[in-house]
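One letter stands for each residue in the lines below.
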Amino acid sequence: MWLGPEEVLVANALWVTERANPFFVLQRRRGHGKGGGLTGLLVGTLDVVLDSSARVAPYRILHQTQDSQVYWTVACGSSRKEITKHWEWLENNLLQTLSIFDNEEDITTFVKGKIHGIIAEENKNVQPQGDEDPGKFKEAELKMRRQFGMPEGEKLVNYYSCSYWKGRVPRQGWLYLTVNHLCFYSFLLGKEVSLVVQWVDVTRLEKNATLLFPESIRVDTRDQELFFSMFLNIGETFKLMEQLANLAVRQLLDSEGFLEEKAPPRPPPRPHRNISALKRDLDARAKNECYRATFRLPRDERLDGHTSCTLWTPFNKLHIPGQMFISSNYICFASKEEDACHLIIPLREVTIVEKADCSSVLPSPLSISTKSKMTFLFANLKDREFLVERISDFLQKMPSKPSGGSQAERKASVVDAAPEPSPAPQELSEQPARPTSPLGGLPGGRAQEAPTASQGLLRLFQRNTPVEDLGAKGAKEKMKEESWNIHFFEFGRGMCMYRTARTRELVLKGIPESLRGELWLLFSGAWNEMVTHPGYYAELVEKSMGKYSLATEEIERDLHRSMPEHPAFQNELGIAALRRVLTAYAFRNPTIGYCQAMNIVTSVLLLYGSEEEAFWLLVALCERMLPDYYNTRVVGALVDQGIFEELTRDFLPQLSKKMQDLGVISSISLSWFLTLFLSVMPFESAVVIVDCFFYEGIKVILQVALAILDANVEQLLGCGDEGEAMTVLGRYLDNVVNKQSVSPPIPHLHALLTSGDDPPEEVDIFDLLKVSYEKFSSLRAEDIEQMRFKQRLKVIQSLEDTAKRSVVRAIPGDIGFSIEELEDLYMVFKAKHLASQYWGSSRPAAVRRDPSLPYLEQYRIDAHQFRELFASLTPWACGTHTPVLAGRMFRLLDENKDSLINFKEFVTGMSGMYHGDLTEKLKVLYKLHLPPALSPEEAESALEAAHYFTEDSSSEEEKGTSPPDYRHYLRMWAKEKEVQKETIKDLPKMNQEQFIELCKTLYNMFSEDPMEQDLYHAIATVASLLLRIGEVGKRFSAWPGRKSRDSAPDEDEPPAPDPPQDPAWELQPPAAGDPQAKAGGDTHPGKTPQESQVVGEGGGGEGRGSPSQPLSDDETKDDLSTSSYSVVSTGSLQCEDLADDTVLVGGEARSPVATTHGGGAVDTDWCISFEQILASILTESVLVNFFEKRVDIGLKIKDHRKVERQFSTSSDHEQSVVLG
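About the cut-offs
Residues numbered from 1 in each chain as written. Predicted model: local features only at pLDDT ≥ 70, side-chain atom pairs only at ≥ 80, totals over all residues. Heavy atoms only, no water. Helix = DSSP H or I, 4+ residues; strand = E, 2+ residues; numbered from the N terminus. Buried < 20%, exposed > 50% of the residue type's maximum accessible area, 1.4 Å probe, protein only. Contact = heavy atoms within 4.5 Å. Areas by Shrake-Rupley, 256 points an atom, 1.4 Å probe, with all protein chains shown as cover. Expected span 1.5 Å × (residues − 1). Arc of directions from axis to C-beta. Polar contact = N/O pair within 3.5 Å; in protein donor to acceptor, adjacent residues only side chain to side chain. Salt bridge = Lys/Arg side-chain N within 4 Å of Asp/Glu carboxyl O. Core = buried A, V, L, I, M, F, W, Y, C linked by side-chain atoms within 4.5 Å. Phe/Tyr/Trp six-rings, centres within 6.5 Å; stacked < 30°, edge-to-face > 60°. Axes fitted to C-alpha atoms, helices over the stretch in contact; angles between N-to-C directions. Left-handed = near helix turned anticlockwise from the far one by under 90°. Nonpolar A, V, L, I, M, F, W, Y, C, P; charged D, E, K, R; others polar. Parallel < 35°, antiparallel > 145°, perpendicular 65-115°, else oblique. Pairing = 2+ DSSP bridges. pLDDT = per-residue confidence, 0-100.

1. So, the overall build of the protein
Helices and strands together make up the secondary structure of the protein, namely 48 helices and 29 strands. Looking at the protein residue by residue over its 1220 residues, the buried ones come to 52%. Look at the contacts in the protein between residues 6 or more apart in sequence, and 69% of them connect residues 24 or more apart. Roughly 56,900 Å² of accessible area belongs to the protein as shown, and the carbon and sulfur atoms make up 53% of that amount.

2. Concerning helix α28 (residues 765-776)
The end-to-end C-alpha separation of α28 is 16 Å, in line with the 16 Å expected for twelve residues at 1.5 Å each. Taken as a whole, α28 has its buried residues at I765, F766, L768, L769, S772, Y773 and F776. End-on, the buried residues of α28 take up no more than an arc of 160 degrees, which puts them together on one face. In α28, the exposed positions angled more than 90 degrees off the buried face are occupied by K770 and E774. With a side-chain oxygen positioned 2.8 Å from the backbone nitrogen of F766, the residue opening α28 is D764.

3. Description of the pattern of salt bridges
Throughout the structure, instances matching the rule amount to 40 salt bridges. We note a salt bridge from R493 to E518, for which the minimum N-O separation is 2.7 Å. With R493 in the loop between α12 (471-491) and α13 (501-508) and E518 in helix α14 (residues 513-524), the pair connects residues that are 25 residues apart, well separated along the chain. The structure contains a network of salt bridges with shared partners spanning R204, E206, E646 and K790.

4. Looking at the nonpolar core
Core analysis: the biggest nonpolar cluster contains 157 residues, and F378, Y630, W672 and F677 have the highest contact counts within it. Residue contacts for Y630: discarding those within four places in its chain leaves I592, C595, Q596, A597, M598, V601, C622 and L674. L182, L240, A248 and L998 belong to the second-largest nonpolar core, a separate cluster that totals 113 residues.

5. Let's talk about unusual backbone geometry
Note the cis peptide between P931 and P932, where omega equals 5 degrees. Tracing the chain through its elements places P932 in the loop between α35 (918-927) and α36 (944-948). Even without being glycine, M230 reaches a positive phi, approximately 60 degrees. Counting through the fold element by element, M230 comes out in the loop between β12 (225-229) and α6 (234-253). Despite not being glycine, M563 shows a phi value in the positive range, around 45 degrees. Tracing the backbone through its elements, the reader meets M563 in the loop between α17 (550-558) and α18 (572-588).

6. Some details on the packing of aromatic side chains
Applying the stated criterion across every chain yields a total of 46 aromatic pairs. Residues F333 and F378 carry aromatic rings whose centres are separated by 6.2 Å and whose planes lie at 55 degrees to one another, so their mutual orientation is tilted. Of this pair, F333 sits in strand β15 (residues 330-335) while F378 sits in strand β19 (residues 375-379), and the two are 45 residues apart along the sequence. The buried category is assigned to F333, whose relative accessible area is 0%. The buried category is assigned to F378, whose relative accessible area is 0%. Ring centres of Y608 and F683 lie 6.5 Å apart, and the angle between their planes is 15 degrees; on these two criteria the pair is classed as stacked.

7. What about the packing of α14 against helix α20 (residues 611-625)?
At a minimum axis separation of 10 Å, α14 and α20 run at an interaxial angle of 35 degrees. In this structure, the crossing between α14 and α20 has a hand that is left-handed. Residue-level inspection shows W520, L521 and S524 of α14 in contact with α20, the latter providing E613, L617, A620, R624 and M625. Within the contact of α14 with α20, the residues separate by chemical class into five nonpolar, one polar and two charged.

8. Observations regarding the packing of α6 against helix α29 (residues 781-810)
Following both chains from N to C, one finds α6 and α29 inclined at 40 degrees, their axes separated by 10 Å at the closest point. Here α29 runs oblique to α6, going by the angle between their axes. Pair α6 / α29 crosses with left-handed handedness. Contact residues: F238, E242, A245, N246, V249, R250, L252 and L253 in α6; Q786, F789, R792, L793, I796, Q797 and E800 in α29.

9. A word on the pairing of strand β8 (residues 181-188)
Within β8, seven of the eight residues are buried, leaving the element largely enclosed by the surrounding structure. Where strand β7 (residues 169-178) lies against β8, four bridges are found, and the strand directions are antiparallel. By the bridge assignment, L175 is partnered in β8 with F184. Hairpin connection from β7 to β8: two residues lie between these consecutive antiparallel strands. Here β8 runs beside strand β9 (residues 191-198); their pairing, made up of eight bridges, is antiparallel. If you follow Y185 over to β9, its bridge partner there is S194.

10. Topic: the sheet that holds strand β3 (residues 24-29)
Strand order in this open sheet of five strands is β1-β5-β4-β3-β2, and the pairing throughout is antiparallel. Unpaired on one side and paired on the other, β1 (2-8) and β2 (15-20) mark the two borders of the sheet. The mean inter-strand angle of the sheet, taken between neighbouring strand axes irrespective of direction, is 30 degrees. One ladder, built from five bridges, connects β3 with strand β4 (residues 59-63); its direction is antiparallel. In the sheet register, L26 faces β4, and the bridge partner there is I61.

11. Structural notes on the sheet that holds strand β10 (residues 204-208)
With antiparallel pairing, seven strands are arranged side by side in an open sheet as β9-β8-β7-β6-β12-β11-β10. Among the strands making up the open sheet, the edge pair consists of β9 and β10. Sheet twist, expressed as the average angle between the axes of neighbouring strands with direction ignored, equals 30 degrees. Pairing geometry for β10 and strand β11 (residues 216-220), over five bridges, is antiparallel. Bridged to L205 within β11 is V219. Relative to the sheet, α6 contacts β6 (156-166), β7, β8, β10 and β11, its axis offset from that of β10 by approximately 165 degrees.

12. What about the environment of V353?
Take V353: it is sitting in strand β17 (residues 350-355). In this structure the C-alpha to C-alpha distance between V353 and I391, which are 38 residues apart in sequence, comes to 8.1 Å. If near-sequence neighbours (up to four positions away) are discounted, V353 is found in contact with L366, S367, I368, I391 and L395.

13. Quick notes on α35
Counting buried positions along α35 yields seven of ten residues, so the element is predominantly enclosed. If you check which residues of α35 are buried, you get L918, K921, L922, K923, V924, L925 and Y926.

14. Remarks on the side chain of R580
Mapped onto the fold, R580 is located in helix α18. Accessibility expressed as a relative area gives 6% for R580, which makes it buried. Among the polar contacts listed, one links the side chain of R580 to the side chain of E611, at a separation of 2.6 Å.

15. Details of the environment of F523
Along the polypeptide, F523 turns up in helix α14. On the basis of relative accessible area, F523 is assigned to the buried category, the value being 2%. Residues F523 and M495, spaced 28 residues apart in sequence, show a C-alpha to C-alpha distance of 8.6 Å. Residues contacting F523, with those up to four places away along its chain left out, are R296, W484, M497, R499, T503, V507, F694 and Y695.

16. Things to note about the confidence of the model for the protein
Looking at the protein as a whole, its pLDDT mean stands at 75, while 71% of the residues score no less than 70. Low pLDDT, under 50, characterises residues 126-132; the predicted model gives this stretch five contacts beyond four residues in sequence or across chains. The model gives residues 1040-1160 a pLDDT under 50, and that stretch makes 168 contacts with residues more than four places away or in other chains.

Next comes the structure, spelled out in structure tokens:
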């Protein structure tokens, strides 16, 4: 490529001059190409270690003048062809012009101007990217593509100098991290190391330090362990590797979510040098995720920027240092000390933003006032003017009308005895409240609205006992309420509340019943989504009513299993509310739909909040706080189960081994985590854990789980089996009590486990929480996220292995491949499917993977991808004809005509070519040259398709008029269940044009075989023999064919059966002078091509109306013996003889017996059977040996993996050139 001229002081160091003229020099890098010796090794090593561009561009052109010692680079090239093209252009266009100049400075100025002009012209047509990567980075990306054969679609994220440990020897080189691959290249004194690992194959990624590998990064796949060390910044490198691996496994888990995430955040306006746009995007994405998780914000919130500042906290009269975060809808603050203060200010609540007066005590202050009469004072802001401008911009974009009620309104609805209902549509009520129901005393006009639209079920079903009458419990509850009211007074109420260590203390002491719903909404962030989406829930309920799906069926089945011991769910009111919330969520998020355990959690949410509030709390749980928990494979719960096992090893090492031996952790943790202890602990105790969970997140659940194991260590160590351990834990959990609860006790179903004379000791839930915080409070949210990433790799790869085994087991035993070969083929097939997604395929067939489908259907490939796999794996390499054969194989395998094939269909096609005897392989080849494999575009006489598939087409027409009943499907199902062994007599006959296509394929197939000449001669002999057999067969069937043509019915109706059915009569040779014998293929002048097709059907005995069968073995022998004299013994039939417009009869063109189709001459009466082809090929031992020789597919798979990436974005034409 042309380069902007740069000065070179020493032109001949490490370069060899190959061409020269008075103004230019063409040079080659020493050691490149043939030879090179020790110098070449040294130069190659230097290029790698110093990251020289000469490694990918070993040719260059320099501009020089006779008296000057300074040279200028004007072009470089990766190949001799590329550099020669530039050299010839310079010689042809510049030499003559330059010879006119007198002044050397003018010559150099002219050359530099000309080269800059060429570069500008080349770049004129290139669309500039949002921000172009700097030159150095683009050069590195070019090296990566050239070195590893990556396509244009594979983007480099960043690259680092490091060492790869091969054995005990470090190999210094360069690590390239791309969107989908980890690549490493090293070249030291002739020893080359080149590694490519797909991120989706990584099973373990960790940073560790050992004596052998000091501060290294370990990357494991299923079959290798890699260690990299000697990084300049190992922390940055590891973080980026984590992000890329996480994106890849997210793609395996949920491709839809992955594709949604692929839209990168907006890059900063001024790119830093040598950092790719992708790297900045990934950094921005990581910051966004951390920002949303820290402040529990909606998933679509994007961080705009953050700055250090101080916040004045009126409750303790201090300026607290921390960070201010600004996004399009929120201003947030987090103190440097974790518990000091957190603050969330929704911009919808902001009324005034003003710059306060500066002072030495309060530099650059900023005051923000809200609708709830709270004022927040920030100071020590670095760029206050810009900050105010950004906040003003965001405020202007806020909707003018408030999108929801304020927190005070919510408070009123909780505290008032008879609250006003929120505006809910009529459809929310499935059945009106009856006068006998507990709602009979409510004000008039309420009967038509569901009471759960405005308040929690607990308020409707608890006894109206005043708190004062409950004695000590009531007093305790009153104290809690008073404590929270004082807290609200000091720290504020609602979303803008200062959240401090004091807030956590109050949560740990238990949230009072009257405030539980309000505080759950605040701490989970569900309040934000509810007020910004008014009417959304009601709309979902309306849309989902009456809709049936698998999710709704599962919901109906589980409704009466949701807390059946609670009075709120022993009647239709609670059940109807639960049904509406679960169905609305399944409608909102069909990817999750409904998962067991959601009913238990949702029923508790409905006790403390209205339907809409419970819905948004469920959204917060499923989509943010417990990611991936509630899906078909409960991946999130399995990930946290892995974290729990890891924490057990760290905190309770003496118990860890015992628990693993018993297999208890996997049994207990899913039920504990999925239902937040609600299904295993008395309700009034578990709800306190839920309080802490909404404030602290998953760390509370893990802490409590560890505390439960810790409290039962001695008994668990004495257990002999899993059942005994489960009983110990079950009894303990049944006796975790909440002595402060003011609600009447609800019988706990698990209490049945309690047996024996000695009742177990009761454990107070608040004591359990206290112990969990004292012993295990070292757990931090950041550490848990780190562990989640590590476990997610392990869990998802384990699930993928399970899927692979399931798919391999589903493949029939007669397929021929071993288990290992099938697993290798599955990995290749899966990689091809994934490549279509992450290299940005826009083909409609490159559909997303749906994890809810059966394993066999999750990965599918289209025709384009199949062609690429076929070219690499087929034992029948046909050069430039290979893509054509691949297309036919795809059409043959795609039985449901959806332009996609699954793994089973793919393996069936491969097995047909690799396994079975000569007959089976020839049968596959034969089918590839008949419809539907042979497309109308390839065979111009497309009417033959009707010849063999009249039954199919007629049945489809019938389907169009009257829909089939269930018995039709039962018959189809029964037919599929029958094992039908196809015999060679079931195969339809082949016409002349199809036979010519078969001969073309065979000729291409032998082009690279060592026995090429013998095979060509053999196939020529066989083809000549078969052409004569077809000609003889045509003569035998010509006379009855003409008779049936004369009496043929209307062209749209099937042909009537022929009166004479005696095979002996059919085979009588015609008289020598009979003109029909010579012109059997001619049609009458007035007949249409369709009518002549019907004639073929009648004459050949293949029509739907004709009961006559294909020729028997004896008849075939007669054919062979009759026509054996016609074998061509000298010369061979050349490929050119098989052109589309030539019909061969005994090796000669014979045009009088032809019907013209689209300009090509085709004999419509000529046909040949599979038995005749098989018998003819058996006469040539060299052909028999070719088809019966075994080919190792394992070697093909290895070769495919080496070159796979190079074809990922090539066009079909480019592939055929490479493969040919």
